[in-house]
Amino acid sequence: MSAPLRQAQTVLQVATRGHGIHDLTATIDDWLADQDIATGLATLFLQHTSASLTVQENADPDVLRDLQDWLAALAPEDPRRYRHGAEGPDDMPAHLRSVLTQTSLAIPVSGGRMALGTWQAVYLLEHRRQPHRRRLVVHLAGT
């Protein structure tokens, strides 16, 4: 007989210092380890439209810097380019950068931890200049 499906959910608060990339891997894995669910699927959902999530390399910090530079080049802070400017010149570019990345990830869980590759980590990309408190909903379903 197979074990019954169990679920757990939390909202993690992430304080950002403004524009930058924040590693969430240990925070998420710590919560997963407390859930007594060894195998399953973790869904990560960021409740914001001006920040995003990505799985990316964790070995060479230049990868993250290049990613940040690439997103800035694709969606520059230039108020002449956008109609939406009510929340400042960095807001519309932040929305565009979120469209290019993701606000939700689904990651397998194995042994009570995210089944990430050797050089992978989960990052929150803060696309705004000012510090923010971001909410990340983590939902785990498994056995």
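These lines cover the structure that appears in this document, whether it is placed above or below.

About the thresholds
- Residues numbered from 1 in each chain as written.
- Predicted model: local features only at pLDDT ≥ 70, side-chain atom pairs only at ≥ 80, totals over all residues.
- Heavy atoms only, no water.
- Helix = DSSP H or I, 4+ residues; strand = E, 2+ residues; numbered from the N terminus.
- Buried < 20%, exposed > 50% of the residue type's maximum accessible area, 1.4 Å probe, protein only.
- Contact = heavy atoms within 4.5 Å.
- Areas by Shrake-Rupley, 256 points an atom, 1.4 Å probe, with all protein chains shown as cover.
- Lys, Arg positive; Asp, Glu negative; His and termini not counted.
- Charge placed at Lys NZ, Arg CZ, Asp CG, Glu CD.
- Pairing = 2+ DSSP bridges.
- Axes fitted to C-alpha atoms, helices over the stretch in contact; angles between N-to-C directions.
- Polar contact = N/O pair within 3.5 Å; in protein donor to acceptor, adjacent residues only side chain to side chain.
- Arc of directions from axis to C-beta.
- Core = buried A, V, L, I, M, F, W, Y, C linked by side-chain atoms within 4.5 Å.
- Salt bridge = Lys/Arg side-chain N within 4 Å of Asp/Glu carboxyl O.

The next subject is the overall build of the protein chain. In terms of regular secondary structure, the protein chain is built from three helices and eight strands. Helices and strands appear in the protein chain in the N-to-C order β-β-α-β-β-α-α-β-β-β-β. By residue count, 42% of the 143 residues in the protein chain fall in the buried class. Pairs at least 24 residues apart make up 83% of the contacts formed inside the protein chain by residues separated by at least 6 positions. By element, 51% of the accessible surface of the protein chain is carried by carbon and sulfur atoms, the whole surface being about 8,000 Å². Once the 13 positive and 16 negative side-chain charges of the protein chain are each reduced to a mean point, those two points are 7 Å apart.

One open sheet accounts for three strands, arranged β2-β7-β4; its pairing is antiparallel. Either end of the sheet is taken by a strand with one partner, and the two such strands are β2 (20–23) and β4 (51–57). Strand after strand, the sheet turns through a mean of 35° between neighbouring axes, direction not considered. This element, helix α2 (residues 61–74), spans β2, β4 and β7 (120–126) of the sheet and lies at about 140° to β4.

Moving on, we get to the environment of His-132. Assignment of secondary structure puts His-132 in the loop between β7 and β8 (133–142). Considered as a pair, His-132 and Ala-51 are 81 residues apart in the sequence and their alpha carbons are 9.6 Å apart. A polar side-chain atom of His-132 sits 2.7 Å from the main-chain carbonyl oxygen of Gln-130.

Residues Asp-91, Pro-93, Ala-94, Arg-97 and Ser-98 constitute the buried set of helix α3 (residues 91–100). Around the axis of α3, the buried residues are gathered within 160° of arc, so they sit on the same side. Packed against the buried residues of α3 are β4 and α2.

With that out of the way, let us pick up the nonpolar core. Within soluble globular proteins, side chains that are nonpolar generally end up buried alongside one another. Grouped together as the largest cluster of nonpolar side chains are 22 residues, with contacts concentrated most on Ile-28, Leu-32, Leu-44, Leu-53 and Leu-136. Listed by contribution, the elements that provide at least two residues to this core are β1 (6–15), α1 (25–33), β3 (40–46), β4, β5 (104–110), β7 and β8. Setting aside chain neighbours within four positions, we find Leu-32 in contact with Ala-42, Val-109, Gly-112, Arg-113, Met-114 and Leu-140. In terms of nonpolar packing, the next biggest core, distinct from the first, is built from seven residues, Leu-71, Ala-121, Tyr-123 and Leu-125 among them.

Sheet architecture is open: five strands sit in the order β1-β8-β3-β5-β6, paired in antiparallel fashion. Looking at strand neighbours, the two that pair on one side only are β1 and β6 (113–114), the edges of this open sheet. Here six bridges tie β3 to β5, and the two strands are oriented antiparallel to one another. Looking at β5, one finds that Ala-42 is bridged to Ile-107.

In this section: the pattern of salt bridges. Oppositely charged side chains can form a pair if their charged atoms are brought close together. The tally for this structure, following the rule as stated, stands at nine salt bridges. Here Arg-129 ties to Glu-77 by a salt bridge, and the two come within 2.5 Å at their closest N and O atoms. With Arg-129 in the loop between β7 and β8 and Glu-77 in the loop between α2 and α3, the pair connects residues that are 52 residues apart, well separated along the chain. Overall, Arg-129 belongs to the partly exposed group, its relative accessible area being 44%. Via salt bridges that share partners, Glu-87, Asp-90, Asp-91 and Arg-128 belong to a single interconnected network.

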